[in-house]
Amino acid sequence: AQSVTQLDSHVSVSEGTPVLLRCNYSSSYSPSLFWYVQHPNKGLQLLLKYTSAATLVKGINGFEAEFKKSETSFHLTKPSAHMSDAAEYFCVVRWDNAGNMLTFGGGTRLMVKP
Amino acid sequence: SQTIHQWPATLVQPVGSPLSLECTVEGTSNPNLYWYRQAAGRGLQLLFYSVGIGQISSEVPQNLSASRPQDRQFILSSKKLLLSDSGFYLCAWSNHGSNYGYTFGSGTRLTVV
């Protein structure tokens, strides 16, 4: 079965410290991978995407993610958290055999402490 | 450039009343369109998607329906709202056969009282 798992429902960091949001997927098909961010009562905004080019992907707001096929992971990182990064983050997968359909992870709520 | 509009932003409706949420896309033609619901503390649930005018696929049987009367218009409806219909509703679009993800609207917060 094809699935995407965000390993932490909540992550809390201090401002200025690194951020790591974990995502793993399970499928034998080749994926396209995305990270979206959602601020309270807002729509989802695309942070970055991996579509079989460079495995290290840089996104907006200083975020980046690395596709590791051997680990079936696509973890999101940022060297230094900012208060404005507090939001919910979704790891999303599109499989080659699924057309345009996306599968969303359960989301990780990032809290940033001053 | 492409834009997606979703309205209203917030809505409070009594149980048993009808619902109509509208979503329109500009700057593209024949998009795939999607309705998602996000209940409190839960992830996104795909409700409906459409690959063309009049073509609606339902992912979850429920109290809601969707229609696509025009190429770039997607409407989410209910004849009688239930308390459990409360949530944050998101419309999204994508191009056919694209490696890009979806572009989401700004959402509608529906509270059924």
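For clarity, every value in this text was computed on a predicted model and none was experimentally measured.

I'd like a rundown of the overall build of chain A, residues and numbers included.
Check the secondary structure of chain A and you find zero helices and twelve strands. Sequence-ordered secondary structure for chain A, helices as α and strands as β, is β-β-β-β-β-β-β-β-β-β-β-β. On C-alpha atoms alone, chain A measures out to a radius of gyration of 14 Å, which is about the 13 Å that the 2.2 N^0.38 rule sets for 114 residues. When its C-alpha atoms are laid out on the principal axes, chain A stretches across 45 × 30 × 20 Å. Counting the 114 residues in chain A, one finds 43% classified as buried. Across chain A, the fraction of contacts at a sequence separation of at least 24, relative to all contacts at a separation of at least 6, is 56%. Here chain A has roughly 5400 Å² of accessible surface; of this, 52% comes from carbon and sulfur atoms. Charge-centre separation for chain A: the mean point of 10 positive side chains lies 3 Å from the mean point of 8 negative side chains.

Let's hear about the environment of Asn-24 of chain A: which residues, and what values?
All names here are of chain A. Here Asn-24 lies in strand S4 (residues 23-26). Considering only alpha carbons, one finds Asn-24 and His-75, 51 residues apart in sequence, at a separation of 7.7 Å. Excluding anything up to four places from it in sequence, Asn-24 contacts Ser-3, Val-4, Thr-5, Leu-7, Glu-71, Thr-72, Ser-73 and His-75.

Help me get a handle on the interface of chain B and chain A, residues and values and all.
At the junction of the two partners, chain B supplies 23 residues and chain A supplies 17 residues. Interface of chain B and chain A: buried area, both sides summed, is about 1600 Å²; carbon and sulfur atoms make up 54% of it. In this structure, the connection of chain B to chain A is made through zero salt bridges. In this structure, the connection of chain B to chain A is made through five residue pairs in polar contact (both at pLDDT 80 or more). The element best represented in the side of chain B that touches chain A is strand S4 (residues 32-38) of chain B, accounting for four residues. Each residue belonging to the side of chain B that touches chain A can be placed in one class, and the counts come to ten nonpolar, twelve polar and one charged.

Break down the pattern of salt bridges for me, with residues and values.
Think of it this way: side chains of opposite charge can pair up when their charged atoms draw near. A full pass over the atoms with the stated rule returns six salt bridges over all chains. Among the ionic pairs, Asp-85 of chain A bridges to Lys-78 of chain A, the shortest N-O distance being 2.8 Å. Note on accessibility: Asp-85 of chain A and Lys-78 of chain A belong to one class, buried. Residues Asp-71 of chain B and Arg-68 of chain B are paired through a salt bridge, measuring 3.2 Å at the closest nitrogen-oxygen approach. With a relative accessible area of 3%, Arg-68 of chain B lands in the buried category.

Please give an account of the sheet that holds strand S3 (residues 19-26) of chain B that cites residues and values.
All names here are of chain B. Pairing is antiparallel in the open sheet, where four strands are placed in the order S1-S3-S8-S7. A strand with exactly one partner marks an edge of an open sheet, and here the two such strands are strand S1 (3-7) and strand S7 (65-70). With direction set aside, neighbouring strand axes in the sheet form an average angle of 20°. Pairing analysis gives five bridges linking S1 to S3, with the strands arranged antiparallel. By the bridge assignment, Ile-4 is partnered in S3 with Val-25.

Give a description of the environment of Thr-28 of chain B that names residues and reports values.
Residue and element names in this part refer to chain B. For Thr-28, the location among the structural elements is in the loop between S3 and S4. Considered as a pair, Thr-28 and Gln-13 are 15 residues apart in the sequence and their alpha carbons are 33 Å apart. Non-local contacts of Thr-28, meaning those with residues more than four positions away in its chain, are made with Gln-2, Arg-72, Trp-93 and Asn-95. For Thr-28, the side chain forms a polar contact with the side chain of Asn-95, separated by 3.5 Å.

How would you summarise the layout of surface pockets if you had to cite specific residues and measurements?
Roughly 240 Å³ of internal volume is contained in the second largest pocket. For the second largest pocket, the lining is made up of 14 residues, of which Leu-46 of chain A together with Tyr-100, Gly-101, Tyr-102 and Thr-103 of chain B are closest to its centre. Of all elements in the fold, only strand S6 (44-50) of chain A together with strand S9 (87-94) and strand S10 (103-104) of chain B reach the threshold of two or more residues within the lining of the second largest pocket. Looking at side-chain class alone, the lining of the second largest pocket contains seven nonpolar, six polar and one charged residues.

The rules behind the values
- Residues numbered from 1 in each chain as written.
- Chains lettered and ligands numbered in written order.
- Predicted model: local features only at pLDDT ≥ 70, side-chain atom pairs only at ≥ 80, totals over all residues.
- Heavy atoms only, no water.
- Helix = DSSP H or I, 4+ residues; strand = E, 2+ residues; numbered from the N terminus.
- Rg over C-alpha atoms; globule rule 2.2 N^0.38 Å.
- Buried < 20%, exposed > 50% of the residue type's maximum accessible area, 1.4 Å probe, protein only.
- Contact = heavy atoms within 4.5 Å.
- Areas by Shrake-Rupley, 256 points an atom, 1.4 Å probe, with all protein chains shown as cover.
- Lys, Arg positive; Asp, Glu negative; His and termini not counted.
- Charge placed at Lys NZ, Arg CZ, Asp CG, Glu CD.
- Buried area = accessible area lost by both parts, 1.4 Å probe.
- Salt bridge = Lys/Arg side-chain N within 4 Å of Asp/Glu carboxyl O.
- Polar contact = N/O pair within 3.5 Å; in protein donor to acceptor, adjacent residues only side chain to side chain.
- Nonpolar A, V, L, I, M, F, W, Y, C, P; charged D, E, K, R; others polar.
- Pairing = 2+ DSSP bridges.
- Axes fitted to C-alpha atoms, helices over the stretch in contact; angles between N-to-C directions.
- 1 Å grid on protein atoms, 1.4 Å probe; cavity = no way out; pocket = protein on both sides within 12 Å on 5 of 7 lines; lining within 4 Å.
- Points joined across faces, edges and corners; volume = space filled by probe spheres on them.

By themselves, these are just geometric observations and shouldn't be taken as functional.
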